[in-house]
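As a plain string of letters, each chain reads:
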Amino acid sequence: MIRIVRPKSAPKILAEKGSAAVKRHARQVAKGKAAKIDNAIYGDESVKESLVAMQHEKCAYCESKVTHVSAGDVEHFRPKGRSKQADGTVLLVRGYWWLAYTWDNLLFACAKCNQSGKRDLFPLGNAANVCLQPSDPLAKESPLFIDPVAVDPEPQIEWRGGVPRGLTTAAETTITGLDLRRRPLAVRRDEHYRTVKHFREIHLALEAKGDPADAELLARNRAKLAAWEGDSAEYAGMIRAAVKKGLSGR
């Protein structure tokens, strides 16, 4: 995971139709009914396109590129319909329905992280302070899942090849809850790590040789190495952490 920078300007549909929808939901909830969330609003093409661009086509959690193999999901950081603290616990009657169309609550995620991992989970460090209605202050909650827009995840995670380990309770809860150590993902990340490591070793050997004729090639290599650390690159958090360790990381 890496820090995500969210544009301040939200897709217009969230304000134009989302506000009215939230008022409808408030009336539904006041009558003791479940809020009927309109996925055509938060799932509108303009919303998804904005999120995909914001995250460089990557899942907010596992950092895999998504759009070349899947449409991906518009994910609600705080679950919209219902939420629970952990697997095996009782679901709350309602989730954070009033945030269903809130720009700051939306992310782009792969189906594995969203549908198989996170689902309705939203553990809190202080579960008694869970917000159940719009008037409850979200600031009183202590989420144990990392919101990569609000918090920089990178200092909270260490890597052994393609396998992450949380250095904080929130990081480890996020990694475990979203199954970010799942084998296919760890294997894919490890393959990428080894590719970058091998390329870097070849580059350093070429650099050490000091042949002026290699100047252009070295410049291209440096650009490629820098790109692997960029926000738009898959698994940039892992590569950045490895670079800080001299790309040993094991």
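Scope of this entry: the structure provided in the associated data block.

Under the defined criterion, the tally for this structure stands at five aromatic pairs. Between Phe77 and Phe122, the ring centres sit 5.2 Å apart and the planes meet at 90 degrees, which makes this aromatic pair edge-to-face. Taken together, the positions of Phe77 in the loop between β1 (73-76) and β2 (106-109) and Phe122 in the loop between α5 (111-118) and β3 (157-160) put the pair 45 residues apart, joining distant regions of the chain. Judged by centre distance (5.7 Å) and plane angle (55 degrees), the ring pair of Tyr96 and Trp98 falls under tilted. By relative accessible area, which is 1% here, Tyr96 ends up buried. Judged by relative accessible area, Trp98 falls into the buried class, the value being 10%. Linked through ring pairs, Phe77, Tyr96, Trp97, Trp98 and Phe122 together constitute an aromatic cluster. Note that Arg6 overlies the ring of Trp103, its terminal NZ or CZ placed 5.2 Å from the centroid. The ring of Tyr96 is capped by Arg78, whose NZ or CZ atom sits 5.7 Å from the centre of that ring.

A grouping of Lys23, Arg24, Arg27, Lys31, Lys33 and Lys36 is seen on the molecular surface, where their side chains present a positively charged patch. Structurally, Lys36 can be placed in the loop between α2 (18-30) and α3 (39-42).

What follows is about the environment of Gly230. Within the element layout of this structure, Gly230 appears in the loop between α8 (215-229) and α9 (236-244). When its relative accessible area of 22% is taken as the criterion, Gly230 is described as partly exposed. Distance in space between the C-alpha atoms of Gly230 and Arg240 is 8.7 Å, their sequence separation being ten residues. Contacts of Gly230, omitting those with residues within four sequence positions, involve Ala236 and Arg240.

Residue position: His25 is located in helix α2. Excluding its chain neighbours within four sequence positions, the residues that come into contact with His25 are Ala35, Lys36, Ile37, Asp38, Trp97 and Tyr101.

Although it is not a glycine, Arg119 adopts a positive phi angle of roughly 45 degrees. Positionally, Arg119 belongs in the loop between α5 and β3. By relative accessible area, which is 34% here, Arg119 ends up partly exposed. For Tyr235, which is not a glycine, the phi torsion comes out positive at approximately 55 degrees. Under the relative-accessibility criterion, Tyr235 is labelled buried at 4%.

Looking now at the pattern of salt bridges. Per the counting criterion, the structure on display carries 15 salt bridges. With a shortest N-O distance of 2.9 Å, Arg78 and Glu141 are connected by a salt bridge. Here Glu141 lies in the loop between α5 and β3 and Arg78 lies in the loop between β1 and β2, a separation of 63 residues in the sequence. Overall, the relative accessible area of 11% leaves Arg78 in the buried class. By relative accessible area, which is 6% here, Glu141 ends up buried. A salt bridge links Arg222 to Glu207, with the nearest nitrogen and oxygen atoms 3.1 Å apart. On the criterion of sequence distance, the pair formed by Arg222 in helix α8 and Glu207 in helix α7 (residues 183-209) is long-range, its members being 15 residues apart. Overall, the relative accessible area of 42% leaves Arg222 in the partly exposed class. Since its relative accessible area comes to 34%, Glu207 is described here as partly exposed.

Rules of the game
- Residues numbered from 1 in each chain as written.
- Predicted model: local features only at pLDDT ≥ 70, side-chain atom pairs only at ≥ 80, totals over all residues.
- Heavy atoms only, no water.
- Phe/Tyr/Trp six-rings, centres within 6.5 Å; stacked < 30°, edge-to-face > 60°.
- Helix = DSSP H or I, 4+ residues; strand = E, 2+ residues; numbered from the N terminus.
- Buried < 20%, exposed > 50% of the residue type's maximum accessible area, 1.4 Å probe, protein only.
- Lys NZ or Arg CZ within 6 Å of the ring centre and 35° of its normal.
- Patch = residues over 30% accessible without salt bridge, like charges linked within 9 Å, V, L, I, M, F, W, Y side chains within 5 Å.
- Areas by Shrake-Rupley, 256 points an atom, 1.4 Å probe, with all protein chains shown as cover.
- Salt bridge = Lys/Arg side-chain N within 4 Å of Asp/Glu carboxyl O.
- Lys, Arg positive; Asp, Glu negative; His and termini not counted.
- Charge placed at Lys NZ, Arg CZ, Asp CG, Glu CD.
- Contact = heavy atoms within 4.5 Å.

Note that all results are geometric; they support no functional claim without further evidence.
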